[in-house]
Amino acid sequence: MDNYYDKYRMIFDYHTHTTFSHGKGSIEDNVKAAAEAGLSALAITDHGPGHLTYGVKRSDFSVMRDEIERLKPLYPQVDIYLGVEANIVSVRNYLDVTEEETAGFDFILAGYHYGIPHGYCVSNWLDAHGLLPGCGTSLLVKNTDMTLKALYENDIKILTHPGDKGRFDIHDIAKACADTDTLMEISTWHSHLTVEEIKIAAKTDAKFVISSDAHSPDRVGSFHGGIERALKAGLDIERIVNIKEV
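Residues numbered from 1 in each chain as written. Predicted model: local features only at pLDDT ≥ 70, side-chain atom pairs only at ≥ 80, totals over all residues. Heavy atoms only, no water.

Colleague: How do you make sense of the sheet that holds strand E2 (residues 12-16) when you look at a structure like this?
Modeller: The strands that make up a sheet are held in pairs by hydrogen bonds between backbone atoms, and each pair lies either parallel or antiparallel. Spatially, E2-E3-E4-E5-E6-E7-E8 is the arrangement adopted by the seven strands of the open sheet, whose pairing is parallel. Each edge of the sheet is formed by a strand with only one pairing partner; in this case those strands are E2 and strand E8 (208-211). Ignoring strand direction, the axes of neighbouring strands in this sheet form an average angle of 30°. Examined bridge by bridge, E2 and strand E3 (residues 41-47) share three bridges and lie parallel to one another. Its bridge partner being in E3, Thr16 is matched across the sheet by Ile44. (Pairing = 2+ DSSP bridges. Helix = DSSP H or I, 4+ residues; strand = E, 2+ residues; numbered from the N terminus. Axes fitted to C-alpha atoms, helices over the stretch in contact; angles between N-to-C directions.)

Printed below as a string of structure tokens:
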């Protein structure tokens, strides 16, 4: 097998989690790992506060910001950003963070997850396990619609693991990502985008990013799995904004 670490290099990792949601390490642990991996930039993007079991507490946003500001002079080789992996929902502004809260982040990531009220989560889970026959088309429309609205009504930097945990029209979502200058994530933690989904998305003008979605510091900067799927799909590496050929 090709040694992708010899051929390619990840420049930055904008999707990592810490103990503020359900990660295993602290913010500084992730920053140290980023520095050791030679990354130029890192984002701390814990799960949005709407998640019923492991969403970040809203009161911790300022605590996280203060910690990042403390770390910046200690790790000058890494640009450190505070973001959030907001949850896509079917109400309000279609995210579980408010417009006022988004102003406190450097940028916003957004993705679909189970465990979120107002997101068809029960129906999607039942459908994924073959327990809701005949509802696939309806869920495809609902899931895609709320994703498109989230993209067009918010300034989202990265759409995380598109296609995960539900039925989505990847082509329509990719077109919206191109329209809104939102990066489509090829996750190394989840299986999406899949090879087939990358092929579909690549027919649009969308750009891509590979993320570790690290839930522990040892995975910060990981791009294996993601790069393999991208190459198998025939995606031009230049369309992946954080991967460079050595």
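Colleague: What is the right way to look at the packing of helix H2 (residues 27-36) against helix H3 (residues 61-71) in this model?
Modeller: Think of two packed helices as two axes; the pair is described by the angle between the axes and how far apart they sit. Packing of H2 against H3 leaves a shortest axis separation of 10 Å and a crossing angle of 40°. With respect to their mutual orientation, H2 and H3 come out oblique. As for the relative orientation of H2 and H3, their crossing is right-handed in sense. Counting all contacts with H2, which are made through Ile27, Glu28 and Val31, the residues of H3 involved are Met64, Glu67, Ile68, Arg70 and Leu71. (Parallel < 35°, antiparallel > 145°, perpendicular 65-115°, else oblique. Left-handed = near helix turned anticlockwise from the far one by under 90°. Contact = heavy atoms within 4.5 Å.)

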